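Structure at a glance
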Amino acid sequence: MRITTILHAKRHNILEKVGELSKAFGNFPDSYVKRASEQVYWETPKAPQYTKAAIEKRNFRFTTNRPWTSQFRMQNMSNMKRKKVFVEPIENWGFFRGDRVEVLIGKDKGKQGIVNQVVQERNWVMVEGLNCHLRIVGKEKDYPGVVIRSEAPLLVTNQVALVDPTDLQATEVEWRFTEEGEKVRVSKRTGRIIPIPKANEETMDYKGKKLYMTREKDTDVDVAQEISFKPKLCTFEMDIMESMGIEEDRIPKKTFWY
Amino acid sequence: MIILNLIKRTTFAAQLLNRSIFNNSLYNGIKYCVTRNIHLSQPAHDINEDVNNKLMEFFDVPKNWNENEVKHGRSWNLAELRIKSNSDLHKIWFILLKELNMLKTMEHEYKREWKWWASPERIDKVQDSMKNIETVVRERNQAYHMLESGTDGEQPGQYITNALGLREYKKSVEHIVPYWANKKWREANPRGCHGPDYQKFMRLYREKIYNDKRKGRNRDKNHVIRLLSRFPNLDRNVLKGKYPQINFDTLNKKDLYRGHYVPDVE
């Protein structure tokens, strides 16, 4: 291999492709999402003489399965090559979990429902009980399987429209700023604000921030919010040494940095 | 199996320590460490229990061993750590370090057994908190050094030309002797590169960078053309913001934009 090839190698970052809403729903640190979803088959050792290069999967197909799940990994195995999916870029995302939307296509055209899942990577939303199909799960030779009704995804660009809460009719939406500087969704037809629903706060850990149950190893809110910091003219190390009764009176020799 | 192994392991360690406390004079160092933390007025079996309990802190609570998911909170963020005193940060750091040690022990054991370990994101959350503590400590130290000496007190570094002739940032290292007196270091860290080989290498390297840029530009252009042919109502301003290098006026002259059909000619 040419030395220039190694020097100019660039690592692929799957985090750039995972949607912000997906990350918020998972409530995981970015580092976990990265290491759970990426597929690195070989990488250069972590030592100063190596540049960062890796053999890894670069083309992922995002589906209704979240990127950090094993199902996602199964759908993106190393031997799978699937056609590229073109996703329309959207500047300001306007659909959130809990929104009331109207379906514009399919057999449920004209019906309204609540969004229960958002897949930002594909511009998809799932509407509760609408645009459904039947799936047979667990079918075997001697067992007919179980029929499950599951929602098919709908494109946010032209297959669903948000519903104005004042007159319960589909409307186009615009992002504007209030006088307080808050960014809000405004119905283009009536000019009313469409608030972002509470269900958008839901993560895999809790339904809402106020409904979070304190766990065994969690720090109490009072303890976490207690202000114990007092400004003091010393470094961290000097402060700790003082509190531990360690005295340092040696004078360091002159050294050189290069 | 995991549980059995863990118990076996801990009891073995406990036996080792017990032996050191009561019988074996070889383990005097350990004896000292252990007995310092134990009330010696307790009867012997209580001491054993105490040692066992303390050793069990290396592992997760047995309740979580066969769980599919361990519910837990989030990591400490910067705003929460900035209001804590230095000694509090010190304490939190060691709690986190102990937790990280425990989690990595559990992960190792489950991997060894080829078992599913619940909630591996706990490691990331602990590491995230530890990184935030380091950031806060660094901020405080930098403020002190800026006040006292006008520098941030961080490890110095500079951009150098390395042995391949490329510019790179290198952190400086502390030495006892000055640069001009340290011949060994100078020979081990050659700076700069000259000659025909260097010229050839740089030409190839620049070609590589140029080709990568050119290919990236073409890739973007083809992607935009395909997007436009699929979504004719797409807002072009969004695309222009995302791909500033592409000239949108000439795109519709490309064959790719037109598609695989003969246009109507009047």
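Scroll up a little and you will see the structure.
Now for a look at the structure at hand. What you see is a predicted model, and the numbers here were worked out from it, not measured in a lab.

Some points on the overall build of chain A
Helix and strand counts for chain A come out as six helices and 14 strands. Expressed as a percentage of the 258 residues in chain A, the buried residues total 34%.

Remarks on the sheet that holds strand S12 (residues 183-187) of chain A
Residue and element names in this part refer to chain A. In space, the three strands of this open sheet follow the order S11-S12-S13, with antiparallel pairing throughout. Each edge of the open sheet is held by one strand with a lone partner, namely strand S11 (173-177) and strand S13 (193-194). Judged from the five bridges that link them, S11 and S12 form a sheet pairing that is antiparallel. Its bridge partner being in S12, Phe-177 is matched across the sheet by Lys-183.

Brief notes about the packing of aromatic side chains
Here a ring pair, both rings aromatic, is described through the centre-centre distance and the interplanar angle of the planes. Counted under the stated rule, the structure contains 11 aromatic pairs over all chains. For the pair Tyr-206 of chain A and Tyr-212 of chain A, a centre-to-centre distance of 5.7 Å together with 80° between the ring planes defines the contact as edge-to-face. Judged by its relative accessible area of 16%, Tyr-206 of chain A is buried. The exposure class assigned to Tyr-212 of chain A is partly exposed, which follows from its relative accessible area of 25%. Pairing Tyr-258 of chain A with Trp-185 of chain B gives two aromatic rings, centres 4.9 Å apart and planes at 80°, and the pair type is edge-to-face. You can see Tyr-258 of chain A sitting in the segment after strand S14 (256-257) and its partner Trp-185 of chain B sitting in helix H7 (residues 183-188), one on each of two chains. Here the guanidinium or amino end of Lys-183 of chain A rests over the ring plane of Trp-175 of chain A, the centre of that ring lying 5.4 Å away.

Notes on the sheet that holds strand S4 (residues 112-119) of chain A
Taken in spatial order, the six strands make up an open sheet running S8-S5-S4-S3-S9-S10 (chain A), and their pairing is antiparallel. Both outer strands of the open sheet, strand S8 (154-155) and strand S10 (169-171) of chain A, are each paired with one neighbouring strand and no more.

Some remarks on the interface of chain A and chain B
Taken residue by residue, the interface counts 47 residues in chain A and 58 residues in chain B. The tally of links from chain A across to chain B stands at three salt bridges. With a closest N to O distance of 3.6 Å, Lys-63 of chain B and Glu-216 of chain A form a salt bridge. Linking chain A to chain B there are 22 residue pairs in polar contact (both at pLDDT 80 or more). Listed by contribution, the elements that provide at least two residues to the side of chain A that touches chain B are helix H1 (3-7), helix H3 (30-37), helix H5 (221-225), helix H6 (236-244) and S14 of chain A. With six residues, the single largest contributor to the side of chain A that touches chain B is H6 of chain A.

Some words on the nonpolar core
Of all hydrophobic cores here, the largest spans 22 residues; its most connected members are Leu-81, Leu-89, Met-106 and Ile-133 of chain B. Breaking this core down by element, the ones donating at least two residues are H6 of chain A together with helix H5 (86-113) and helix H6 (121-149) of chain B. For this core, the element with the highest residue contribution is H5 of chain B, accounting for eight residues. Counting residues in hydrophobic clusters, the runner-up holds 15 residues, among them Phe-96, Val-103, Leu-130 and Leu-162 of chain A.

Points about the pairing of strand S2 (residues 167-171) of chain B
Successive side chains on a regular strand alternate, one facing one side of the sheet and the next facing the other. All names here are of chain B. As judged from the five bridges shared by strand S1 (residues 157-161) and S2, these two strands associate in the antiparallel manner. Looking at the pairing, Gln-158 lines up with Lys-170 of S2. Between S1 and S2, which follow one another and run antiparallel, lie five residues, and Gly-165 among them has a positive phi close to 90°.

What counts as what
Residues numbered from 1 in each chain as written. Chains lettered and ligands numbered in written order. Predicted model: local features only at pLDDT ≥ 70, side-chain atom pairs only at ≥ 80, totals over all residues. Heavy atoms only, no water. Helix = DSSP H or I, 4+ residues; strand = E, 2+ residues; numbered from the N terminus. Buried < 20%, exposed > 50% of the residue type's maximum accessible area, 1.4 Å probe, protein only. Pairing = 2+ DSSP bridges. Phe/Tyr/Trp six-rings, centres within 6.5 Å; stacked < 30°, edge-to-face > 60°. Lys NZ or Arg CZ within 6 Å of the ring centre and 35° of its normal. Contact = heavy atoms within 4.5 Å. Salt bridge = Lys/Arg side-chain N within 4 Å of Asp/Glu carboxyl O. Polar contact = N/O pair within 3.5 Å; in protein donor to acceptor, adjacent residues only side chain to side chain. Core = buried A, V, L, I, M, F, W, Y, C linked by side-chain atoms within 4.5 Å.

Just geometry here; none of it tells us what the structure is for.
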